[in-house]
Every structure is written in structure tokens, then in C-alpha cells.
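# Structural overview for review
The residues making up each chain are set out below.
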Amino acid sequence: MIEVNLILTNKLGLHARPVADFTKLAAKFNSKITLVGKDKTVDAKSILMVLTMGIKQGEQLTIIADGTDEIECIEILKDFIEKLN
């Protein structure tokens, strides 16, 4: 299991379009992927669950991956979140 903590810098927060792209990307991995933020823990492959988190600019988000491709998974999802602007 690997986890990474990030601060969301996107001015619009985690809104519908990036959440849709993020969950599609997460679904490509075999690992179990979880997002933690604002006292919520959700399945990162579920668009509805990620949207309900309501993560806004400046808030912390933790990505947790557990599985055979967890290293690649964390690197790619972390890069995706960091490039949101």
C-alpha cells in the first residue's frame, strides 16, 4: 500500500470534468484506489463518490493505492492532480 498527500491547487476545486477524467484514469489500474479528504474516504473509481467529497482549492487530498500496480498508479494520479489548473 502506498499513499501520497496533496494540496489541491486548481481554482475550481475538484469539479465534474476533472473528476470524470480522474476516475476514468483510476479505473485503468488493477489496484484498489481510495481518496481521503474532508473527513471522507471514497472509492477513487466512482465518479459520484469523488464528486460528493467537494474538495476545493487549498484543501488536502490523500490518494491511497493498494495492489500490483500501485507504484505506477500513485505516480500517474499524483501527476494528474498536480497538473490541474
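First things first, this report covers the structure right here in the doc. Sequence order as written defines the numbering, with residues in each chain counted from 1. In view of the model being predicted, local features appear only for residues whose pLDDT reaches at least 70, and side-chain atom pairs are presented and counted only at 80 or more, with totals across whole chains, interfaces and linings using the full set of residues. Only hydrogens and water are removed before side-chain values are computed, so all heavy atoms of the structure are retained for them.

### Some details on helix H3 (residues 70-82)
The end-to-end C-alpha separation of H3 is 18 Å, in line with the 18 Å expected for 13 residues at 1.5 Å each. Residues are treated as being in contact if the distance between any of their heavy atoms lies within 4.5 Å. By the criteria applied, helices consist of DSSP H or I runs no shorter than four residues and strands consist of E runs no shorter than two, each listed in order from the N terminus. Those residues of H3 hidden inside the fold are in contact with strand E1 (2-7), helix H1 (16-27), strand E2 (32-37) and strand E4 (60-66). What a helix should span is 1.5 Å times the count of its residues minus one.

### Focus: the pattern of salt bridges
Should a side-chain nitrogen of Lys or Arg be within 4 Å of a carboxyl oxygen of Asp or Glu, the pair is scored as a salt bridge. If you walk through the whole model with that rule in mind, you get 3 salt bridges. Between Lys 38 and Glu 59 there is a salt bridge, with its nearest N and O atoms 3.9 Å apart. Residue Lys 38 is found in the loop between E2 and strand E3 (40-43), and its partner Glu 59 is found in the loop between helix H2 (47-51) and E4; the two are separated by 21 residues along the sequence. Type-normalised accessible area, obtained with a 1.4 Å probe on protein chains alone, sets the label of each residue: buried when under 20%, exposed when over 50%, and partly exposed for intermediate values. A residue is classified by how much of its surface remains accessible, and Lys 38, at 39% relative accessible area, is partly exposed. Between Lys 78 and Glu 82 there is a salt bridge, and its shortest N-O distance comes to 3.2 Å. Of this pair, Lys 78 and Glu 82 both sit in helix H3, 4 residues apart, which is roughly one turn of the helix. Residue class for Lys 78 comes out partly exposed when judged on its relative accessible area of 29%.

### Describing the nonpolar core
Leu 14, Phe 22, Ile 33, Leu 35, Ile 63, Leu 77 and Ile 81 are the most contacted members of the largest nonpolar core, which has 25 residues in total. When residues of this core are traced back to their parent elements, those giving at least two are E1, H1, E2, E4 and H3. Examining the composition of this core, we find that 5 residues originate from one element, H3, more than from any other. Residues within four places of Leu 77 in sequence aside, it is in contact with Phe 22, Leu 25, Ala 26, Ile 33 and Ile 63. We define a nonpolar core as any set of buried Ala, Val, Leu, Ile, Met, Phe, Trp, Tyr and Cys residues linked to one another through side-chain atoms lying within 4.5 Å.

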